[in-house]
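Analysis of the macromolecular model
As a plain string of letters, each chain reads:
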Amino acid sequence: LSEKLQNVFKNLRRKGRLTEEDVKAALKEVKLALLEADVNFKVVKNFVKSVQERAVGSDVMNGLNPGQMVIKIVNEEMVKLMGSETTEIALKPGIAITVIMMAGLQGAGKTTTTAKIAGKLKQKGKKPLLAACDVYRPAAIAQLQTNGEKQGVEVFSMGDSHKPVNIAKAAVEHASKNGFNVVILDTAGRLHIDEEMMDELIEIKEQVDVSQTILVVDSMTGQDAVNVASTFEEKIGIDGVVLTKLDGDTRGGAALSIRAVTGKPILYIGMGEKLSDLEQFYPDRMASRILGMGDVLTLIEKAQEDLDETKAAEMEKRLRKAQFTFDDYLESMNQMKKMGGLTSILSMMPGMGGSQMKQIEDAVDEKKMARIEAMIYSMTARERSGQDGLSPSRKRRIANGAGVDISDVNRLVKQFDQMKKMMKQMPGMMGKGKRGGKFG
Ligand code: GDP
Ligand code: MG
């Protein structure tokens, strides 16, 4: 598939903006990749449509061809769709008891995941109790007990002659009497969605104060995962999802489908049968796995870095000629913000005292950046070149134009002068840093 993709890329000419044709050609391959990854076809259809709308007319980034630019957008949209960042199970603070109900079809991995989550919570300093509410599957209770023992977590069981809801209630009572602050209910699944299973879960939810219902889904079930997730969400309501068996060769399209259909976050992924094989869910990693275009994505990342480097190199060239302008100032502030480690860079500069450092650092603050931008944009081209000083009347005009105080303009000029001096001292700084020797 990636070969096919590369061909698409080759065939596309380099141009400034994405045309509808570019986007359609690249999205055709994306569509195949998603279907191959077992993303539900309806989800694929909607997703591709929304990406198409966003992509047509977008600028093609330097260093990318149109096809790659489309993939970049696809990847971003996938990450956005899957939640942008990791989500944790919501736990009540202190001694308050959080009741977590596990739900899912038989064989999805509920019992295993119950024990895995217990281990994670224990690491966090919680005191979890596991409740054996699967009274149907032979050996289900013994399985939970074995797993609980391995994790060093107590298992509450009443055998198989009680109703699950009563076991759940008794477990919560046991927890409150014995200082447990999390109760995880390991419930029974069925081979397929059926009323009895749903009713059982609904009954537990009605009679026990369940604060988190976690759906466990086998990632290998692919397209079926959507039906499972949407039915559970509809009938009992879920708070989050654990996707199991991602250690196999499935590309994990279920992650995208489930998130798109239920809107509920994926909390963890199961990466094996061992109880330590439970990992945090990272939307960006999952997007790359589902797309199956690791190489392309790496290339895109590289292009992004190169772009920043190109800008930095240009600035450095100007700096060497000592033509530091207000535009450069703005650009350097933006770059520094991106680099993050402003304090660490500045602390290495000779003659940069604490207060000066703080001033510059303060200026990188979001709101102040906007003000600085407004002031610089209120300058004439000549003023922006920073070659001659600004007279009070000019300063007043700039202040008026930007809707700020004249003192703000004064501060900007002062900081600009400081930065200019600093830049001259160290021309290598805004480059990759490597040329600058001790700053590499
Ligand atoms: P339940 O019926 O939902 O309780 O499912 P189980 O917890 O009993 O798991 C069913 C089978 O899937 C067991 O053999 C587990 O070892 C296996 N399993 C569960 N999670 C994972 C996983 O993340 N990776 C792999 N490879 N196997 C898993
Ligand atoms: Mg089970």
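Residues numbered from 1 in each chain as written. Chains lettered and ligands numbered in written order. Predicted model: local features only at pLDDT ≥ 70, side-chain atom pairs only at ≥ 80, totals over all residues.

A closer look at the overall build of the protein chain
Regarding its fold elements, the protein chain presents 19 helices and 8 strands. Considering the protein chain as a whole, with its 440 residues, one finds that 39% of them fall into the buried category. Restricting to contacts in the protein chain with at least 6 residues of sequence separation, those with at least 24 account for 76%. (Helix = DSSP H or I, 4+ residues; strand = E, 2+ residues; numbered from the N terminus. Buried ≥ 20, exposed ≤ 12 C-beta atoms within 10 Å, placed from the backbone. Contact = placed C-beta atoms within 7 Å.)

Things to note about the nonpolar core
With 96 residues, the main nonpolar core has Ala131, Val183, Leu185 and Val217 as its most contacted residues. Top element by residues in this core is helix 4 (residues 66-81). It accounts for 7 residues. When neighbours within four sequence positions are excluded, Ala131 is seen to be in contact with Phe156, Ile167, Ala168, Ala171, Val183, Ile184, Leu185 and Asp186. With 13 residues, the next largest nonpolar core counts Tyr329, Met375, Ile376 and Leu412 among its residues. (Core = buried A, V, L, I, M, F, W, Y, C linked by C-beta atoms within 7 Å.)

A word on the site of ligand 1
Taken together, 18 residues surround ligand 1, and among them Gly109, Lys110, Thr111, Thr112 and Gly270 come closest. Ranked by residues supplied to the shell around ligand 1, first place goes to helix 5 (residues 110-123) with 3 residues. When grouped by side-chain class, the residues that make up the shell around ligand 1 number 3 nonpolar, 10 polar and 5 charged. (Near = placed C-beta within 6 Å. Nonpolar A, V, L, I, M, F, W, Y, C, P; charged D, E, K, R; others polar.)

A short note on the sheet that holds strand 5 (residues 212-218)
Ordered by their spatial adjacency, 8 strands build an open sheet running 3-2-4-1-5-6-7-8, and the pairing between neighbours is mixed. Here the strands that pair on one side only, and so sit at the sheet edges, are strand 3 (154-156) and strand 8 (278-280). Neighbour-to-neighbour, the strand axes of this sheet turn through a mean angle of 25°, independent of strand direction. Bridge count for strand 1 (residues 98-103) against strand 4 (residues 182-186) is 5 bridges, and the pairing is parallel. (Pairing = 2+ DSSP bridges. Axes fitted to C-alpha atoms, helices over the stretch in contact; angles between N-to-C directions.)

Details of helix 4
Helix length check: helix 4 (16 residues) gives 22 Å between terminal C-alpha atoms against 22 Å at 1.5 Å per residue, within 8%. Counting buried residues along helix 4, 12 of its 16 residues qualify, which places the element largely inside the surrounding structure. Of all the positions in helix 4, only Pro66, Gly67, Gln68, Met69, Val70, Ile71, Lys72, Ile73, Val74, Asn75, Met78 and Leu81 are classed as buried. Of the residues flanking the end of helix 4, it is Gly83, one or two places downstream, whose phi is positive at about 115°. (Expected span 1.5 Å × (residues − 1).)

Observations regarding the UniProt feature "domain: SRP54-type proteins GTP-binding" (unreviewed entry) in the protein chain
When the UniProt feature table is mapped onto this chain, "domain: SRP54-type proteins GTP-binding" (unreviewed entry) is found at residues 265-278. Counting secondary structure, residues 265-278 comes out at 0% helix and 43% strand; the distance between its end C-alpha atoms is 16 Å. (UniProt positions renumbered as here; feature names shortened; annotations may be inferred.)

Digging into helix 3 (residues 41-55)
Relative to the 21 Å expected for 15 residues at 1.5 Å per residue, helix 3 spans 21 Å between its end C-alpha atoms, a close match to the ideal helical length. Along helix 3, the positions that sit buried rather than exposed are Val43, Val44, Phe47, Val51 and Ala55. Within helix 3, the buried residues cover an arc of 95° as seen down the axis, which keeps them to one side. In helix 3, those exposed residues whose orientation departs by more than 90 degrees from the buried face are Lys45, Lys49, Ser50 and Glu53. (Arc of directions from axis to C-beta.)

Remarks on the pairing of strand 2 (residues 128-132)
The buried fraction of strand 2 is high, at 5 of 5 residues. Of the two faces of strand 2, the one carrying Pro128, Leu130 and Ala132 and the one carrying Leu129 and Ala131 are both buried. Where strand 2 lies against strand 4, 5 bridges are found, and the strand directions are parallel. The partner of Ala131 across the bridge, within strand 4, is Leu185. By the bridge criterion, 3 bridges tie strand 2 to strand 3 in an arrangement that is parallel.

Remarks on unusual backbone geometry
Unusually for a residue other than glycine, Asp38 sits at a positive phi of about 70°. With respect to the element layout, Asp38 can be found in the loop between helix 2 (20-36) and helix 3. Judged by local crowding, Asp38 falls into the buried class, with 22 C-beta atoms found within 10 Å. Not every positive phi belongs to a glycine, and Lys245 is a case in point at roughly 60°. Structurally, Lys245 can be placed in the loop between strand 6 (240-244) and helix 10 (253-262). Using a count of 23 C-beta atoms within 10 Å as the deciding quantity, one classes Lys245 as buried.

Quick look at the packing of helix 2 against helix 4
Put simply, helix 2 and helix 4 touch, their axes get as near as 9 Å, and they point 60° apart. Here helix 2 is positioned oblique relative to helix 4, judged by the angle of their axes. When you trace helix 2 past helix 4, the crossing you get is right-handed. Facing Asp22, Val23, Ala26, Leu27 and Val30 of helix 2, the residues of helix 4 in contact are Pro66, Gly67, Val70, Ile71 and Val74. Its residues placed into classes, the contact of helix 2 with helix 4 shows 8 nonpolar, 1 polar and 1 charged. (Parallel < 35°, antiparallel > 145°, perpendicular 65-115°, else oblique. Left-handed = near helix turned anticlockwise from the far one by under 90°.)

Things to note about the packing of helix 7 (residues 164-178) against helix 8 (residues 195-207)
A packed helix pair is summarised by two numbers, namely the angle formed by the two axes and the spacing between the axes. Between helix 7 and helix 8, the least distance of the axes is 9 Å, while the angle of their chain directions is 30°. As helix 7 runs across helix 8, the sense of the crossing is right-handed. Counted together, Pro164, Val165, Ala168 and Lys169 of helix 7 and Glu200, Glu203, Ile204 and Gln207 of helix 8 form the full contact between these two elements. Its residues placed into classes, the contact of helix 7 with helix 8 shows 4 nonpolar, 1 polar and 3 charged.

What to know about the environment of Gln68
Along the chain, the position of Gln68 falls in helix 4. Given 23 C-beta atoms within a 10 Å radius, Gln68 is considered buried. Gln68 sits 42 residues away from Ala26 along the chain, and the two C-alpha atoms are 8.2 Å apart.

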